[in-house]
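Secondary and tertiary structure notes
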Amino acid sequence: MGFSLPSVVTAKKFLRRSFSNSKRDASMAVDVPKGHFAVNVGKSEKKRFVVPMSLLNQPCFQDLLSQVEDEFGFDHPMGGLTIPCNEDTFIDLISCLNA
């Protein structure tokens, strides 16, 4: 059983940049339990989700992060980790990965 190290490094870089953007992010991080991270999901109207860090080990989630980075980069007006996909699609993916 193996995993792609570049994907894990990319995901860690993605999260590090997401949580270090501003003081506002620091105040928002207070309501994120240990072992979890916040994700803003949506195209026009964003909704905030708190998901377990264990998702970073999932190849499907790593692929999603890579696609988001390639298409949208790291610079988002909301700061933090933003995944501009349909909210229902994200919920379905997370549900499948947590099952």
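Check the entry above for the structure.
Before going into details, it helps to say that this report is about the structure given with it.

1. Description of the environment of phenylalanine 49
Residue position: phenylalanine 49 is located in strand E2 (residues 47–52). A relative accessible area of 15% means that phenylalanine 49 is categorised as buried. Note: C-alpha distance between phenylalanine 49 and valine 39 (10 residues apart in sequence) is 5.2 Å. Aside from chain neighbours lying at most four places away, what touches phenylalanine 49 is Phe37, Ala38, Val39, Val41, Glu87, Phe90 and Ile91.

2. Some remarks on the packing of helix H3 (residues 59–72) against helix H4 (residues 87–98)
In the contact formed by H3 and H4, the axes pass within 10 Å of each other and the chain directions differ by 150°. When the axes of H3 and H4 are compared, the pair comes out roughly antiparallel. Contact residues: H3 offers Cys60, Phe61 and Leu64, while H4 offers Phe90, Leu93, Ile94 and Leu97. Across the contact of H3 with H4, the residue classes break down as seven nonpolar, no polar and no charged.

3. With respect to the environment of asparagine 98
Relative to the helices and strands, asparagine 98 resides in helix H4. With a relative accessible area of 44%, asparagine 98 lands in the partly exposed category.

4. Quick word on the pattern of salt bridges
Applying the stated criterion to the full structure yields two salt bridges. Note that aspartate 31 and arginine 48 form a salt bridge whose closest N and O atoms lie 3.1 Å from each other. Placement of aspartate 31 in the loop between helix H2 (23–28) and strand E1 (36–41) and of arginine 48 in strand E2 is noted, with a sequence separation of 17 residues between them. Residue glutamate 87 is joined to lysine 47 by a salt bridge in which the shortest nitrogen-to-oxygen separation is 3.6 Å. Taken together, the residues glutamate 87 in helix H4 and lysine 47 in strand E2 connect sequence positions 40 residues apart. Classification of glutamate 87 by relative accessible area gives partly exposed; the value is 28%. By relative accessible area, lysine 47 is classed as partly exposed at 41%.

Definitions and cut-offs
- Residues numbered from 1 in each chain as written.
- Predicted model: local features only at pLDDT ≥ 70, side-chain atom pairs only at ≥ 80, totals over all residues.
- Heavy atoms only, no water.
- Helix = DSSP H or I, 4+ residues; strand = E, 2+ residues; numbered from the N terminus.
- Buried < 20%, exposed > 50% of the residue type's maximum accessible area, 1.4 Å probe, protein only.
- Contact = heavy atoms within 4.5 Å.
- Axes fitted to C-alpha atoms, helices over the stretch in contact; angles between N-to-C directions.
- Parallel < 35°, antiparallel > 145°, perpendicular 65-115°, else oblique.
- Nonpolar A, V, L, I, M, F, W, Y, C, P; charged D, E, K, R; others polar.
- Salt bridge = Lys/Arg side-chain N within 4 Å of Asp/Glu carboxyl O.

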